[in-house]
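# Results of the structural survey
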Amino acid sequence: LFNIENEGTTSTCLWDIEHNELEGNVIKGIMDGSHIGDCYLSTDIDNVRGVSFSMKTVVEGNIYGLIKMSYSSGYDEDDFFISKGSSSGWKEYWLPTVKSSNGLQWKLSQESGFFDGTEYLWLKDVTVWYDETPSFSPSQSLYPSLPPSTSSAPTASTSPTCQDECNVAIAMNLGDWVQAPYSGMISEANSTLKLTGSSDRIGNMVLSREWFNLQGSTVYFKWRPGGDVGIYAHFNPGICGMFSAYQTSFFTSGWRYADSTLLVSNDWVYTMFSCTEFGECTLRSAKNDYADQGGEIIREDTKAPTVVQQEILQATCVSFSIADPYGGTDQSALLQEVKIVNGTVIEKPTVGVSLYDGEDTIPTLFNIENEGTTSTCLWDIEHNELEGNVIKGIMDGSHIGDCYLSTDIDNVRGVSFSMKTVVEGNIYGLIKMSYSSGYDEDDFFISKGSSSGWKEYWLPTVKSSNGLQWKLSQESGFFDGTEYLWLKDVTVWYDET
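Note that the structure is predicted; figures quoted are calculated from it, not measured.

## Topic: the overall build of the protein chain
Helix and strand counts for the protein chain come out as one helix and 35 strands. Partitioning the contacts of the protein chain with sequence separation of at least 6, the portion at a separation of at least 24 is 74%.

Here you go:
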């Protein structure tokens, strides 16, 4: 269905298949600097309503000139995408097309005297979209083959690259994930997210931006450790509120901790969470492939059902983390796939009620709770020139226990807020800075020191919980210094007023 077209004064235009260990087979276009004109990969399929694809561009050599790497769909305007050199990384697109156009084109282009080097364009997951079944059969679809089950357009929250058995695929794009309060780098390359340790023994964590109903579903994670597996760190794919970072050390490198499974290589791990509608979840992790696809099982755990877990599964997110990396920024965790079978994306509630929006005092809806052996726990208002008024929590190293800011409001469907965390002093110890929504599990966020910067969250909650909590926490002998938590723009969300 594809044509290769060479329009110019030379013929140094090549389109072929390249095999990549991470990506599998992808289409690759190459045009060097001696080619003046355009180098197309095109198809004559018409009456298309939209096209989705993943594309990466790279330029090697002198990148002074005007380089055009573009997808075109018969527009009589300039090229849709323009790049001046360097590498774009993989980007996913789902674009409208002109139905009356005479086909689709992906183009490498340059002008005389503007370039000395080589330019590349890679394509994968190319799919055309219609309002109804087209005249040509699905077996004649583009690259790779498109099964009949995905011949209808996806919802806005479903990746168009989700194929075969999966109902929902979470793209490995930075925009589809929220970073928990850490400062470590999160990067995206080759459709893989890489979470780098923030610093010595300070990890990194992401949460899915979408919420899901996971009752009766299976969540699949394909992931692996990065860096030296001879150095300690622990790794957790998870379901928010049930399998989070420090709740259980499922997998560690370097050495075992508690009943963790020791990872001795950087090979991919295939983890499945299968959950019933009553809140029971079974975890199975395997080598080579998922356990239900013949992979060799290396760990299996089961969580007995509870009422709270049943509620969590009705509206939750998924998470992935590296924690306690002794190698700091030299260690990382890579996530390449998250897909959900028999789960659904749920709409977030639309009725918001502000709890704190820059007032001069902490509103009376909030309570300050001090649970521990000392009383060095303070919540107050701080005025910041850039931020205005914000809530500030302080707990110094002489306090052993927990220091809460809470509200008794219940039946909440979700909560949004901005939060920043900072630790000053000796950051060796276990420091917990967390948002909690009545889960009977471990804290939602865990941080070991340093500064997270402002992060924005919009999280599902357990409706039957007895309120919301933001917590500073530490254990005896683990800390010498002061920890801080700032909050602003705190809003609770409901389905109706």
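Continuing now.
## A word on the pattern of salt bridges
Applying the stated criterion to the full structure yields six salt bridges. Each member of the salt-bridge network shares a partner with another, and the members are Asp 259, Arg 299 and Asp 301.

## Some details on the environment of Gly 358
With respect to the helices and strands, Gly 358 occurs in the loop between β26 (351-356) and β27 (366-372). The exposure class of Gly 358 is partly exposed, given its relative accessible area of 31%. For the pair Gly 358 and Leu 487, spaced 129 residues apart in the sequence, the C-alpha separation amounts to 9.8 Å.

## Some details on a negative patch on the surface
A cluster of acidic side chains, namely Asp 357, Glu 359, Asp 360, Glu 456 and Asp 489, defines a negative patch on the protein surface. In this structure, Glu 359 sits in the loop between β26 and β27. Look at Glu 359 and you get partly exposed, because its relative accessible area is 34%.

## Some words on the nonpolar core
Among the nonpolar cores identified, the biggest contains 36 residues, and Trp 177, Trp 223, Leu 335 and Val 338 are the most heavily contacted of them. When contributions to this core are tallied by element, the ones reaching two or more residues are β13 (192-196), β16 (218-226), β17 (233-239), β20 (269-275), β21 (281-287), α1 (307-314), β23 (318-323) and β24 (332-341). The dominant element in this core, judged by the number of residues it contributes, is β24, at four residues. Leaving out residues up to four positions away in the same chain, Leu 335 has contacts with Met 172, Trp 177, Ser 191, Thr 192, Leu 193, Phe 221, Lys 222, Trp 223 and Phe 320. Cys 240, Ile 391, Val 490 and Tyr 494 belong to the second-largest nonpolar core, a separate cluster that totals 34 residues.

## Examining the side chain of Arg 224
With respect to the element layout, Arg 224 can be found in strand β16. Ignoring sequence-local partners within four residues, the contact set of Arg 224 consists of Asn 266, Asp 267, Trp 268, Ala 333 and Leu 334.

## Topic: the environment of Tyr 130
With respect to the helices and strands, Tyr 130 occurs in the loop between β9 (116-129) and β10 (168-169). A C-alpha to C-alpha distance of 7.0 Å links Tyr 130 and Gly 50, two positions 80 residues apart in sequence.

## Side note on α1
Listing the buried residues of α1 in full gives Val 308, Gln 309, Glu 311, Ile 312 and Leu 313. Buried residues along α1 sit in contact with β15 (211-213), β20, β21 and β22 (296-303).

## Remarks on the side chain of Asn 236
Along the chain, the position of Asn 236 falls in strand β17. Of the polar contacts made by the side chain of Asn 236, one reaches the side chain of His 234; its length is 3.4 Å.

## Thoughts on the sheet that holds β17
If you trace the six strands from one edge of the open sheet to the other, you get β11-β14-β23-β17-β18-β19, paired in mixed fashion. A single partner strand is all that each edge strand has here, and the edge strands are β11 (177-179) and β19 (261-263). Taken pair by pair, the neighbouring strands of this sheet meet at an average axis angle of 20°, ignoring direction. Sheet topology places β17 next to β23; six bridges connect them, and they run antiparallel. Bridge pairing links His 234 to Ala 323 in β23.

## Considerations on the state of the cysteines
For the structure on display, the rule yields two disulfides. Through a disulfide, Cys 240 is tied to Cys 317; the S-S separation comes to 2.1 Å. Judged by the sign of its S-S torsion, about -110°, the cystine formed by Cys 240 and Cys 317 is left-handed. Taken as a pair, Cys 240 in the loop between β17 and β18 (251-253) and Cys 317 in the loop between α1 and β23 lie far apart in primary sequence, 77 residues in all. Just as Cys 240 is buried, Cys 317 falls in that class too. Note that Cys 275 is cross-linked by a disulfide to Cys 281, the S-S spacing being 2.1 Å. One quick way to see it: the torsion about the S-S bond of Cys 275 and Cys 281 is about 110°, and its sign makes the bridge right-handed.

## Description of empty space enclosed by the protein
This model, assessed by the stated rule, comprises two cavities of 30 Å³ or more. In this structure, the second largest cavity encloses a volume near 30 Å³. In terms of lining, the second largest cavity is formed by Ser 54, Trp 90, Lys 91, Glu 92, Met 172, Asn 173, Glu 188 and Ser 191. Residue composition of the lining of the second largest cavity, grouped by class: two nonpolar, three polar and three charged.

## Remarks on the pairing of strand β28 (residues 377-384)
Residues in a regular strand project their side chains so that they alternate between the two faces of the sheet. Here β28 pairs with strand β29 (residues 388-396) via eight bridges, running antiparallel. By the bridge assignment for β29, Asn 384 is matched with Gly 388. Between the end of β28 and the start of β29, which pair antiparallel, lie three residues.

## What about the packing of aromatic side chains?
Scanning the entire structure with this criterion turns up 18 aromatic pairs. Aromatic side chains Trp 223 and Phe 251 sit 5.2 Å apart centroid to centroid with 65° between the ring planes, which places their arrangement in the edge-to-face category. Here Trp 223, found in strand β16, pairs with Phe 251, found in strand β18; they are 28 residues apart in sequence, far enough to count as distant. On the accessibility criterion, Trp 223 (0% relative accessible area) is buried.

## Side note on the environment of Glu 92
Its location among the elements puts Glu 92 in strand β7 (residues 91-96). Remark: the alpha-carbon pair of Glu 92 and Ala 171, spanning 79 residues in sequence, is separated by 8.7 Å.

## A look at the confidence of the model for the protein chain
For the protein chain, mean pLDDT is 76; residues scoring 70 or higher make up 71% of the total. Overall, residues 144-161 carries pLDDT values under 50, and its contacts beyond four positions in sequence, including any with other chains, amount to 30 contacts. pLDDT under 50 marks residues 427-447. Its contacts with residues more than four places away, or in other chains, come to 104 contacts.

## A word on unusual backbone geometry
Apart from glycine, the bulk of residues carry a negative phi angle, and the bulk of peptide bonds sit in the trans form. The backbone of Ala 258 sits at a positive phi, close to 55°, despite the residue not being glycine. Locating Ala 258 in the fold gives a position in the loop between β18 and β19. Ala 258 gets classed as exposed once you look at its relative accessible area, which sits at 69%. Phi at Asp 489 is positive, roughly 55°, even though this residue is not glycine. Looking at where Asp 489 falls in the secondary structure, it is placed in strand β35 (residues 480-494). The exposure class assigned to Asp 489 is partly exposed, which follows from its relative accessible area of 39%.

Thresholds, definitions, all that
Residues numbered from 1 in each chain as written. Predicted model: local features only at pLDDT ≥ 70, side-chain atom pairs only at ≥ 80, totals over all residues. Heavy atoms only, no water. Helix = DSSP H or I, 4+ residues; strand = E, 2+ residues; numbered from the N terminus. Contact = heavy atoms within 4.5 Å. Salt bridge = Lys/Arg side-chain N within 4 Å of Asp/Glu carboxyl O. Buried < 20%, exposed > 50% of the residue type's maximum accessible area, 1.4 Å probe, protein only. Patch = residues over 30% accessible without salt bridge, like charges linked within 9 Å, V, L, I, M, F, W, Y side chains within 5 Å. Areas by Shrake-Rupley, 256 points an atom, 1.4 Å probe, with all protein chains shown as cover. Lys, Arg positive; Asp, Glu negative; His and termini not counted. Charge placed at Lys NZ, Arg CZ, Asp CG, Glu CD. Core = buried A, V, L, I, M, F, W, Y, C linked by side-chain atoms within 4.5 Å. Polar contact = N/O pair within 3.5 Å; in protein donor to acceptor, adjacent residues only side chain to side chain. Pairing = 2+ DSSP bridges. Axes fitted to C-alpha atoms, helices over the stretch in contact; angles between N-to-C directions. Disulfide = S-S within 2.5 Å. 1 Å grid on protein atoms, 1.4 Å probe; cavity = no way out; pocket = protein on both sides within 12 Å on 5 of 7 lines; lining within 4 Å. Points joined across faces, edges and corners; volume = space filled by probe spheres on them. Nonpolar A, V, L, I, M, F, W, Y, C, P; charged D, E, K, R; others polar. Phe/Tyr/Trp six-rings, centres within 6.5 Å; stacked < 30°, edge-to-face > 60°. pLDDT = per-residue confidence, 0-100.

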